[in-house]
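One letter stands for each residue in the lines below.
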Amino acid sequence: MAVALLSAKRSKDPNTQVGACIVNQENKIVGTGYNRMPNGCDGELPWAHTGPKLERKYIYVCHAELNAIINKSKADMNGCTIYVTLFPCNECAKLIIQAGLSEVVYLSDKYHDEDETIASRRMLDLLTNVLLEEWSEIQINTPKPCGKPSQKS
Ligand SMILES: Nc1nc(=O)n([C@H]2C[C@H](O)[C@@H](COP(=O)(O)O)O2)cc1CO
Ligand SMILES: [Zn+2]
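The rules behind the values
- Residues numbered from 1 in each chain as written.
- Chains lettered and ligands numbered in written order.
- Predicted model: local features only at pLDDT ≥ 70, side-chain atom pairs only at ≥ 80, totals over all residues.
- Heavy atoms only, no water.
- UniProt positions renumbered as here; feature names shortened; annotations may be inferred.
- Buried < 20%, exposed > 50% of the residue type's maximum accessible area, 1.4 Å probe, protein only.
- Helix = DSSP H or I, 4+ residues; strand = E, 2+ residues; numbered from the N terminus.
- Arc of directions from axis to C-beta.
- Contact = heavy atoms within 4.5 Å.
- Core = buried A, V, L, I, M, F, W, Y, C linked by side-chain atoms within 4.5 Å.
- Near = heavy atom within 4 Å.
- Polar contact = N/O pair within 3.5 Å; in protein donor to acceptor, adjacent residues only side chain to side chain.
- Areas by Shrake-Rupley, 256 points an atom, 1.4 Å probe, with all protein chains shown as cover.
- 1 Å grid on protein atoms, 1.4 Å probe; cavity = no way out; pocket = protein on both sides within 12 Å on 5 of 7 lines; lining within 4 Å.
- Sits in = over half its atoms within 2 Å of the grid points.
- Nonpolar A, V, L, I, M, F, W, Y, C, P; charged D, E, K, R; others polar.
- Pairing = 2+ DSSP bridges.

As annotated in an unreviewed UniProt entry, the protein chain carries the name Deoxycytidylate deaminase and comes from Amphilophus citrinellus. One UniProt comment on the protein chain, placed under Cofactor (unreviewed entry), says "Zn(2+)". As stated in UniProt under Sequence similarities (unreviewed entry), the record for the protein chain gives "Belongs to the cytidine and deoxycytidylate deaminase family."

What follows is about helix 3 (residues 90–98). When we look at burial in helix 3, the residues that qualify are Asn 90, Cys 92, Ala 93 and Ile 96. Buried residues in helix 3, looked at end-on, bunch into an arc of 155°, giving them a common side. The secondary structure elements touched by the buried residues of helix 3 are helix 2 (64–70), strand 3 (81–86), strand 4 (103–108) and helix 4 (115–126).

The subject of this paragraph is the nonpolar core. Counting residues in each nonpolar core, the largest one holds 21 residues, and the members touching the most others are Ile 22, Ile 69, Met 77, Ile 82, Leu 101 and Val 104. When residues of this core are traced back to their parent elements, those giving at least two are strand 1 (19–23), helix 2, strand 3, helix 3 and strand 4. Every residue in contact with Ile 22, bar those within four places of it in the chain, is listed here: Lys 28, Ile 29, Val 30, Gly 31, Ala 68, Ile 69, Met 77, Cys 80, Thr 81, Ile 82 and Leu 101. Of all hydrophobic cores here, the second largest spans eight residues; its members include Leu 5, Cys 21, Tyr 83 and Leu 107.

By nearness alone, 17 residues border ligand 1, and Asp 13, Asn 15, Thr 16, Tyr 58 and Tyr 111 come closest of all. Ala 64 places a main-chain nitrogen or oxygen 3.0 Å from an oxygen atom of ligand 1. Between ligand 1 and the protein, one listed contact pairs a nitrogen atom with a backbone N or O atom of Leu 86 at 3.4 Å. For ligand 1, whose unbound accessible area comes to 500 Å², protein coverage reaches 93%. Assessed atom by atom at 2 Å from the grid points, ligand 1 resides in the largest pocket. Of the residues belonging to the shell around ligand 1, the class tally is nine nonpolar, four polar and four charged.

So, on to the pairing of strand 4. Within strand 4, five of the six residues are buried, leaving the element largely enclosed by the surrounding structure. With five bridges joining them, strand 3 and strand 4 adopt parallel strand pairing. Note on strand 4: the bridge partner recorded for Thr 81 is Glu 103.

What follows is the structure in structure tokens.
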């Protein structure tokens, strides 16, 4: 989950940064991702979360889970676990299931009562091999940059 949190830090979403990390049965990392615009579209699409539908991020952004699955280094993800900093939406739940992942570990569930989350839970709960766990709060302390302090005359 700490790696998922670190990945989230790369997101340019000004409102919600989400990170995901997929590990195999030996706990080796096989993919990471964060919410971002499709490749090559950075800076061209809106990050707003209000306003007209086509000027809001939602129809463009690739979710962290999608990116982690796409970035995977392993052909087969059966039996893998996905650590994600925010409970998956319905579209990502479908991807997670179809990719053969066995376990979902999440940190925040801030959209618990949204239809997308309810639908996601419904699908994930249907699979007995998908476990949902809540993590206690973890904090990453960003180290101060090393190197010489700039010299002022
Ligand atoms: N599990 C998730 N993975 C994600 O990558 N996201 C992304 C989509 C948006 O970029 C952002 C949510 O924006 P907001 O509605 O909190 O301003 O998080 C959202 C969810 C929640 O469904
Ligand atoms: Zn999603």
